[in-house]
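Below are the chains, spelled out letter by letter.
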Amino acid sequence: MDTSLQTYVENLVREKGQITFAEFMDIALYKEGMGYYQRENPFGQQGSFYTSVNASESFGRTLAKSFVYMIKTLGLENSFCEMGAGSGMLANDILNYLKGNEKDIYDSLSYTIIEKSGYLINRQRELIEQEHKGKAVWKTFEELDNFSGVFYSNELVDAFPVHRVIRMNDELKELYVKEVDGKLRFFPDELSTPKLKEFLDAINLKVVETQIVDINLDLKSWVQALADKLKKAVVVTIDYGFEAPMLYQSYRRDGTVTCYYRHTQNNDFFERIGYQDITAFVDFTSLSLYGSEKGLRPLAYMPQWLYLVQSGILEEISACKTDLQKQSVKALIMPEGGFGTNFQVFVQGKNVDITPDFKYTRSAREVLDEMGKVFSS
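So, how was this worked out
- Residues numbered from 1 in each chain as written.
- Predicted model: local features only at pLDDT ≥ 70, side-chain atom pairs only at ≥ 80, totals over all residues.
- Heavy atoms only, no water.
- Salt bridge = Lys/Arg side-chain N within 4 Å of Asp/Glu carboxyl O.
- Helix = DSSP H or I, 4+ residues; strand = E, 2+ residues; numbered from the N terminus.
- Buried < 20%, exposed > 50% of the residue type's maximum accessible area, 1.4 Å probe, protein only.
- Core = buried A, V, L, I, M, F, W, Y, C linked by side-chain atoms within 4.5 Å.
- 1 Å grid on protein atoms, 1.4 Å probe; cavity = no way out; pocket = protein on both sides within 12 Å on 5 of 7 lines; lining within 4 Å.
- Points joined across faces, edges and corners; volume = space filled by probe spheres on them.
- Nonpolar A, V, L, I, M, F, W, Y, C, P; charged D, E, K, R; others polar.

Caption draft 1: Expanded view of the pattern of salt bridges. Throughout the structure, instances matching the rule amount to 14 salt bridges. Linking K65 and E315 is a salt bridge whose minimum nitrogen-to-oxygen distance equals 3.2 Å. Of the two residues, K65 sits in helix α5 (residues 58-74) while E315 sits in helix α14 (residues 313-319), which places them 250 residues apart along the sequence. Across the pair R164 and D214 runs a salt bridge whose closest N-O atoms are separated by 2.6 Å. Taken as a pair, R164 in strand β6 (residues 163-168) and D214 in strand β9 (residues 212-215) lie far apart in primary sequence, 50 residues in all. Both residues of the pair, R164 and D214, belong to the buried class. A single network of salt bridges, built from pairs that share partners, joins E171, K173 and E190.

Caption draft 2: Expanded view of the nonpolar core. M70, F80, I94, L98, Y111, V236 and Y307 are the most contacted members of the largest nonpolar core, which has 53 residues in total. Ranked by residue count, the leading element in this core is α5, at nine residues. With 38 residues, the next largest nonpolar core counts I114, L144, L230 and V235 among its residues.

Caption draft 3: Up close: unusual backbone geometry. With a phi close to 55°, N146 is a non-glycine residue in the positive phi region. Within the secondary structure, N146 is located in the loop between β4 (136-139) and β5 (147-154). Of note, the phi angle at D181 is positive, near 55°, even though the residue is not glycine. Its location among the elements puts D181 in the loop between β7 (171-180) and β8 (183-189). Classification of D181 by relative accessible area gives exposed; the value is 74%.

Caption draft 4: Spotlight on empty space enclosed by the protein. Scanning the model with the defined rule gives two cavities of 30 Å³ or more in all. Size it by volume and the largest cavity reaches roughly 90 Å³. Lining of the largest cavity is provided by 16 residues; of these, D214, N216, F281, V282 and D283 occupy positions nearest its centre. Classifying every residue of the lining of the largest cavity by side-chain character gives eleven nonpolar, two polar and three charged. One number sums up the size of the second largest cavity: a volume of about 70 Å³. Considering the residues around the second largest cavity, the lining is formed by Q211, I212, V213, D214, L247, Y248, Q249, R252, G255, T256 and F281. Ranked by the residues each element gives to the lining of the second largest cavity, the list is headed by β9, at three residues. By residue class, the composition of the lining of the second largest cavity is five nonpolar, four polar and two charged.

Interpretation note: all reported values are geometric properties and have no functional meaning in isolation.
Pasting the structure below:
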């Protein structure tokens, strides 16, 4: 295993004395040519973790149905923009569905991908161009402007770097990365920025003694910059996390940051730097508050299973030809052992209005009854 990134981090810590965990996380994931998302494919069997996309192509097919519904119902332009497209499989599955089932939309569709990893852009292009040559274009986030349509991401925000804050002796401290006894360790010190205290005050959060909370300051700048780039659009954010009252419960004393290495979860943050994923649960309350400040209104918030069922995934189960295919689709919506529990879908809109019959306002009870009929058959 190449340890050049480990050496880079160790030298940087010695030079600065200490660095914030946010800086460490950013380096570990995104350092050009060396970070986890910059030099190898982290997805699927050969990577460190599976996503909903890896579980079944029905995930992409169902999202495609959802986006088509929004375009037609909300009067949006025929444009999709995906940020953080990973392996490119989700984009490919969506385009495959549209090509086979919504040909008119497919033919006129504008599909934009925002991706900052050169390695992943090459992989995405190689996959998508096989069946959809010339259909997708790649841009930087800075280049996106005046966008109308559906903007979405799947497991993007959880990879934004976070600061770690702890209350010690009734005082807020930040956990830095520091060399102690020849090894990288967490070390408490003064807050690196007043924005951390401002964040806690804004959501009225009282951190209890020895509790660690992980604060994503990039979330505000990202969603507000995004809102400024939208003309008439919906933003669909799919990720694991909760609203603030649930996310920052005092029983989560160790925060939510964790690592994944070859499909195994661990908290060895300073091992295998650049070879394992580092993620943190998303605070959907902050995403909503910050977006609203820029005219990005919340339209719907629900668990992934509920969103997928309302978007038509039960039709996918009914169409499965084998039990194995059915199980793969069910993994996307079943609470136990699937993607349905911690994953949420948050829909925001700019300059769009929904009507009372907007499908994502259906109650969970109605949807559960529908699921019961399908599963019983």
